[in-house]
Each structure stands twice: as C-alpha cells, then as structure tokens.
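A look at the structure
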Amino acid sequence: GADKNPKDCEGLLGYEFEGAGDGVKATYFNNEDFLGSPKEQVDGNIEFDWDNEAPTKGINFENFSIKWTGWLRVPVSGDYTFVTESDDGNALLVNNQPIISHYFGVTEKDRIKAKSWLDFVKMNLKKDPHDTKIHRSLQTRALSHPITLEAGNKYKIEMLMFHSVHNKVKDDGRSFARLLWYSNMISEAPIKDEFFFTTNKVAPLKASGYNDDLMEI
C-alpha cells in the first residue's frame, strides 16, 4: 500500500518522504567509566573495528567508553532482534528500556554510579538479572529478545560500551563495537546509517499539488 511504499505517495498534497538519516550522537570518554570531559561528534552508524588504535582523536586506545544516542527509523514492520558485538561490555536501550546487557551493569558497581541513565540500567538489571526482557550471552556477542517495531516510526536508541586493557590477557588491546539487527523480514546485518537520526524531527510538509486560485485565507 501507499503507506509502505513512499514512491506511491510522491506528489500528493502535504506529503514529503523523509530522506536518509544523519547519524547518531556519539560521546567519547577518555576512561572506561563515562567520566570527565568527553569528546562529542556525530557517527554515521555503529560499526567500528579500531583494532589497537584510538576510537577517535584525543581518546586513548587502552581505556575508553562511548555513549551513542539517537533515533532509529524502521524500514519495514516486524519482530526485530538486536545484536551487539563489542570488546569489552555494552548495553542497549530502546525507548529507554534496556534490552541487552553484556558484561555491563551488574558487577561494575563503580561504573554504574557515573550517570543517572546508567543508574537506571543497573536498577532494572538488579530487579532480576535473568529477566526475559534482557538476553545475555558469552564472548563478544549478545542478542536481545524480539521486539515488535512499526515501519516508518522512530524509536529512541542508546548504546553504551566500554573498553579496558588487561595486561595479562593476550591481544586485549583490540577494540570494536557493532550494532546489528534482523527480523522476520530482513536478514541480519549492521544497521545502516540511513536509518539513524540525531533528532526526532518530522519532515516538513511539501506544499505541492494545489491550485492557489482555489485557496482562501
């Protein structure tokens, strides 16, 4: 139908298809605790492999933390599973609800005291670390339980990750972070930058397809 295919609506009065996204807001901290004066920038998406290098200029490669915030536009309705991959831990929230916690928030008491939004994650996890709403996994990959998302809607998204080098662990300097998804309609893949937005603004209406001789003010 026209609501699922933007091309079917082009040229209609008051319709303008919203273009590609502009990315996510990224806040980089020069420590693993989300503390201090951060560096802020806009990242296209969340798909990084920094190896043994700094994640961005001015941030050290051994110990850092990052918070990404933005809005995610859904291309097609379905039951979506989110996938995070990182070294070290990460947490993912959709519409302020934690759906993934991977080596994050339960045992890192000092870390969670850093910010109120981290306290919120910890509070929810402490209620029941095995809550079915939050899926945990081993190694560097974690999956959420499926959640239903509607095409065209934007959902607030927050992903947090930290990296810390442990000198006794081989190749522990390598760092990476990725956010992927899949549903009953799409195969697993990193979420493309076209679906990320820094704000939840609505596209302006397009004043086309009308005859001004018939308009009265």
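Residues numbered from 1 in each chain as written. Predicted model: local features only at pLDDT ≥ 70, side-chain atom pairs only at ≥ 80, totals over all residues. Heavy atoms only, no water.

Here's the deal with unusual backbone geometry
- Located in the positive-phi region is asparagine 95, a residue other than glycine, with phi close to 50°.
- Assignment of secondary structure puts asparagine 95 in the loop between β6 (90-94) and β7 (97-102).
- Located in the positive-phi region is asparagine 96, a residue other than glycine, with phi close to 70°. (Helix = DSSP H or I, 4+ residues; strand = E, 2+ residues; numbered from the N terminus.)

Describing the nonpolar core
- With 30 residues, the main nonpolar core has Trp50, Trp68, Leu72, Phe82, Leu92, Leu179 and Ile191 as its most contacted residues.
- Put simply, the parts of the chain that give this core at least two residues each are β1 (24-29), β3 (47-51), β4 (63-73), β5 (78-87), β6, β7, β10 (154-164) and β11 (175-182).
- Dropping the residues within four chain positions of it, tryptophan 50 is found in contact with Pro55, Phe64, Ile66, Trp68, Met161, Ser175, Phe176 and Ala177. (Core = buried A, V, L, I, M, F, W, Y, C linked by side-chain atoms within 4.5 Å. Buried < 20%, exposed > 50% of the residue type's maximum accessible area, 1.4 Å probe, protein only. Contact = heavy atoms within 4.5 Å.)

Description of the side chain of asparagine 45
- Structurally, asparagine 45 is set in the loop between β2 (39-43) and β3.
- For asparagine 45, the side chain forms a polar contact with the main-chain oxygen of isoleucine 191, separated by 3.4 Å.
- The residues touching asparagine 45, leaving out its near neighbours within four places in the chain, are Ile191, Lys192, Asp193 and Phe196. (Polar contact = N/O pair within 3.5 Å; in protein donor to acceptor, adjacent residues only side chain to side chain.)

Regarding the packing of aromatic side chains
- Within this structure, the stated rule accounts for seven aromatic pairs.
- Their ring planes at 10° and their centres at 6.1 Å tell us that phenylalanine 48 and tryptophan 68 sit as a pair that is stacked. Residue phenylalanine 48 is found in strand β3, and its partner tryptophan 68 is found in strand β4; the two are separated by 20 residues along the sequence. Of the two residues, phenylalanine 48 and tryptophan 68, neither departs from the other in class, the shared state being buried.
- When the ring of tryptophan 50 is compared with that of phenylalanine 64, the centres are 5.6 Å apart and the planes differ by 85°; the resulting orientation is edge-to-face. Highlighted residues: tryptophan 50 in strand β3 and phenylalanine 64 in strand β4, separated in sequence by 14 residues.
- Tryptophan 50 sits in the buried class, given a relative accessible area of 8%.
- Classification of phenylalanine 64 by relative accessible area gives buried; the value is 0%.
- Feature note: the residues Phe48, Trp50, Phe64 and Trp68 constitute an aromatic cluster, connected by ring pairs. (Phe/Tyr/Trp six-rings, centres within 6.5 Å; stacked < 30°, edge-to-face > 60°.)

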